[in-house]
Amino acid sequence: MTILFFSLRGVPTDEADDVRQLLADNDIEFYETSAGNWGISMPAIWLYQRDDVDKARQLFNEYQQERALNQRALYRQLKAQGEYQGFFRHNLNKPIRFLGYSLVIALIFYVSLKWLFELGLGL
């Protein structure tokens with residue numbers, strides 16, 4: 001019976017590659033499922049042997065701690081160099097897209113509230 005080890009939904013490509021390499025380097029057999037053509041299936045890494053789960057979890061936890069430290073250091077470095085783009089700077093690079101999304105969100109919010117108040121007042 002296979003065991004779900006690591007869901008790949010929303011995982012950066014470099015992290016997924018690192019996890020695959022980590023398992024391969026430690027001779028842990030695994031297989032991978034994709035999200036499918038429509039993206040509704042579960043992309044994940046699965047282990048074949050239940051005996052490998054503890055070893056894989058331990059290796060994965062060590063990897064995650066190391067990755068967290070590296071990513072925090074990278075963030076601090078980019079921020080110190082002024083290359084990190086926060087929310088506002090990111091949206092200033094594409095103001096029309098930001099304005100369009102904001103208008104769509106405002107429209108949905110307005111229609112939802114209008115319907116809700118009309119429903120409440122109609123009683």
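Report follows, based on the coordinates.

## Points about the packing of aromatic side chains
- Inspection of the entire model under this criterion finds eight aromatic pairs.
- Pairing Phe87 with Phe98 gives two aromatic rings, centres 6.1 Å apart and planes at 80 degrees, and the pair type is edge-to-face. Of the two residues, Phe87 sits in helix α3 (residues 87-93) while Phe98 sits in helix α4 (residues 95-121), which places them 11 residues apart along the sequence.
- Judged by its relative accessible area of 53%, Phe87 falls in the exposed class.
- When its relative accessible area of 34% is taken as the criterion, Phe98 is described as partly exposed.
- Members of the aromatic cluster, joined through ring pairs, are Phe5, Phe6, Phe60 and Tyr63.

## Observations concerning helix α2 (residues 53-80)
- For α2, built from 28 residues, the straight-helix expectation of 40 Å at 1.5 Å per residue is met to within 8% by its first-to-last C-alpha distance of 40 Å.
- Buried within α2 we find Val53, Ala56, Leu59, Phe60, Tyr63 and Arg67.
- Looking at the buried side of α2, the elements it contacts are β1 (3-7), α1 (13-25) and β3 (44-47).

## Topic: the environment of Trp46
- Take Trp46: it is sitting in strand β3.
- For the pair formed by Trp46 and Leu99, sequence separation is 53 residues and the distance between their alpha carbons is 42 Å.
- The residues touching Trp46, leaving out its near neighbours within four places in the chain, are Thr2, Ile3, Leu4, Phe5, Glu29, Phe30, Tyr31 and Thr33.
- There is a polar contact of 3.0 Å between the side chain of Trp46 and the side chain of Thr33.

## Comments concerning the pattern of salt bridges
- On inspection of all chains with the given rule, the structure shows five salt bridges.
- Measuring nitrogen to oxygen at the nearest pair gives 3.7 Å for the salt bridge that ties Arg67 to Glu15. Of this pair, Arg67 sits in helix α2 while Glu15 sits in helix α1, and the two are 52 residues apart along the sequence. For the pair Arg67 and Glu15, a shared accessibility class is recorded, and that class is buried.

## A word on the nonpolar core
- Membership of the largest hydrophobic core comes to 16 residues, with the highest contact counts inside it found for Phe5, Phe6, Val19, Leu23, Ile45 and Leu47.
- For this core, the element with the highest residue contribution is α2, accounting for five residues.
- The residues touching Ile45, leaving out its near neighbours within four places in the chain, are Ile3, Leu4, Phe5, Phe6, Leu8, Val19, Arg20, Leu23, Phe30, Tyr31 and Glu32.

## Quick look at unusual backbone geometry
- Positive phi outside glycine occurs at Asp27, with the angle close to 55 degrees.
- Inspection of the secondary structure assignment puts Asp27 in the loop between α1 and β2 (30-33).

## Describing the sheet that holds β1
- Spatial ordering of the open sheet is given by β1-β3-β2, a layout of three strands whose pairing is antiparallel. Of all the strands in the sheet, the pair left with one neighbour each is β1 and β2. Taken pair by pair, the neighbouring strands of this sheet meet at an average axis angle of 30 degrees, ignoring direction.
- The sheet strands contacting α2 are β1 and β3, and the helix crosses β1 at an angle near 15 degrees.

Rules behind the numbers
- Residues numbered from 1 in each chain as written.
- Predicted model: local features only at pLDDT ≥ 70, side-chain atom pairs only at ≥ 80, totals over all residues.
- Heavy atoms only, no water.
- Phe/Tyr/Trp six-rings, centres within 6.5 Å; stacked < 30°, edge-to-face > 60°.
- Helix = DSSP H or I, 4+ residues; strand = E, 2+ residues; numbered from the N terminus.
- Buried < 20%, exposed > 50% of the residue type's maximum accessible area, 1.4 Å probe, protein only.
- Expected span 1.5 Å × (residues − 1).
- Contact = heavy atoms within 4.5 Å.
- Polar contact = N/O pair within 3.5 Å; in protein donor to acceptor, adjacent residues only side chain to side chain.
- Salt bridge = Lys/Arg side-chain N within 4 Å of Asp/Glu carboxyl O.
- Core = buried A, V, L, I, M, F, W, Y, C linked by side-chain atoms within 4.5 Å.
- Pairing = 2+ DSSP bridges.
- Axes fitted to C-alpha atoms, helices over the stretch in contact; angles between N-to-C directions.

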